[in-house]
Amino acid sequence: KTNLRDLHVLVESLRHVGEEEDRDADREEVIHRAEHYQREHTSLSSSLRKATLTYRSCFLRRQEEERKALFEGSSSDTTTEGGLRRRRVPGSQDRPFLSLVSKAQDSTEGLRRTRQSLAESVECSIATMKVLEKSSTTLHTVFEEHRAYDATMQTGKQLLGKLRQ
């Protein structure tokens, strides 16, 4: 895609160069070539789009086939269907999906714990940011006061110097 974008930019710059040519013959030749390259660019773009759509449809079809193969039951310990291999958990011959359900529940519970942990981390980060912002504001106020006192001290030194003279 980046090469196609670069090609598009080059075609546009070639078109601008053609429009700036002094001689009519040169201008027509350059514009003709730019139009030819523009047609090639359009053709390549459409080919890329078609290839991308074909890839996506094949990918989705293959995913759907894999899902179907995974959810189909089998009577042996290992089955190869569509290049997939599925093993049964020992001790679960009478209920093959029970272990899958418990694993899914365990995974869901783990994700809930992770989400809760992340939420607590976000809350802690927000609290830290508020404290940091308050500290920054206080530091800025102190800095401004210091500058004011410094200016007052400088003025006082100058006045004392004038008084001594």
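Whatever comes next refers back to the structure up there.
In this report, the structure presented in the accompanying data block is examined. Nothing here was measured: the structure is a model prediction, and the numbers come from that model. Residue indices follow the written sequence of each chain, beginning from 1 at its first position. Local features are withheld for residues below a pLDDT of 70 in this predicted model, meaning they are given only at 70 or higher, and side-chain atom pairs are given and counted only at 80 or more; totals for whole chains, interfaces and linings count all residues. Heavy atoms from the whole structure form the basis of all side-chain values; hydrogens and water molecules are not counted.

Let's talk about the pattern of salt bridges
Okay, so step 1: Here a salt bridge means any side-chain nitrogen of Lys or Arg lying within 4 Å of a carboxyl oxygen belonging to Asp or Glu. Applying the stated criterion to the full structure yields six salt bridges.
Okay, so step 2: Arg 112 is the salt-bridge partner of Glu 109, the closest N and O atoms lying 3.6 Å from each other. Taken together, the positions of Glu 109 and Arg 112, both in helix α3 (residues 96-164) and three residues apart, correspond to about one turn of that helix.
Okay, so step 3: Accessible area is worked out with a 1.4 Å probe on protein chains only. A residue is then buried under 20% of its type maximum, exposed over 50%, and partly exposed in between. Residue classification places Glu 109 among the partly exposed positions, given a relative accessible area of 35%.
Okay, so step 4: By relative accessible area, Arg 112 is classed as exposed at 53%.
Okay, so step 5: Linking Arg 147 and Glu 144 is a salt bridge whose minimum nitrogen-to-oxygen distance equals 3.5 Å. Taken together, the residues Arg 147 and Glu 144, both in helix α3 and three residues apart, mark about one turn of the helix.
Okay, so step 6: Given a relative accessible area of 33%, Glu 144 falls into the partly exposed group. Each helix is a run of DSSP H or I of at least 4 residues and each strand a run of E of at least 2, with the numbering of both proceeding from the N terminus.

What to know about a nonpolar patch on the surface
Okay, so step 1: Like charges are joined within 9 Å and nonpolar side chains (Val, Leu, Ile, Met, Phe, Trp, Tyr) within 5 Å, but only among residues with over 30% relative accessible area and no salt bridge; these make up the patches. In short, Shrake-Rupley with a 1.4 Å probe defines the accessible areas, and a residue's cover is counted only from the protein chains shown. On the surface, Tyr 55, Phe 59 and Leu 60 cluster together into a nonpolar patch covering about 330 Å² of accessible area.
Okay, so step 2: Checked against the element boundaries, Leu 60 lands in helix α2 (residues 24-71).

Structural notes on α2
Okay, so step 1: Here α2 is 48 residues long and its end C-alpha atoms lie 70 Å apart, about the 70 Å a rise of 1.5 Å per residue gives.
Okay, so step 2: Along α2, the positions that sit buried rather than exposed are Val 30, Ala 34, His 41, Ser 45 and Ala 69. Multiplying 1.5 Å by the residue count of a helix minus one yields the expected span of that helix.

Focus on helix α1 (residues 2-20)
Okay, so step 1: Here α1 contains 19 residues, and its C-alpha end-to-end distance of 27 Å stays within 8% of the 27 Å for a straight helix at 1.5 Å per residue.
Okay, so step 2: All of the buried residues in α1 are Leu 4, Val 11 and Gly 18. All buried residues of α1 fall inside an arc of 40° around its axis, so they share one side. Opposite its buried face, α1 presents the exposed residues Thr 2, Arg 5, Val 9, Leu 10 and Glu 20, each directed more than 90 degrees away. What the arc measures is the spread of directions leading from the helix axis to the C-beta atoms.

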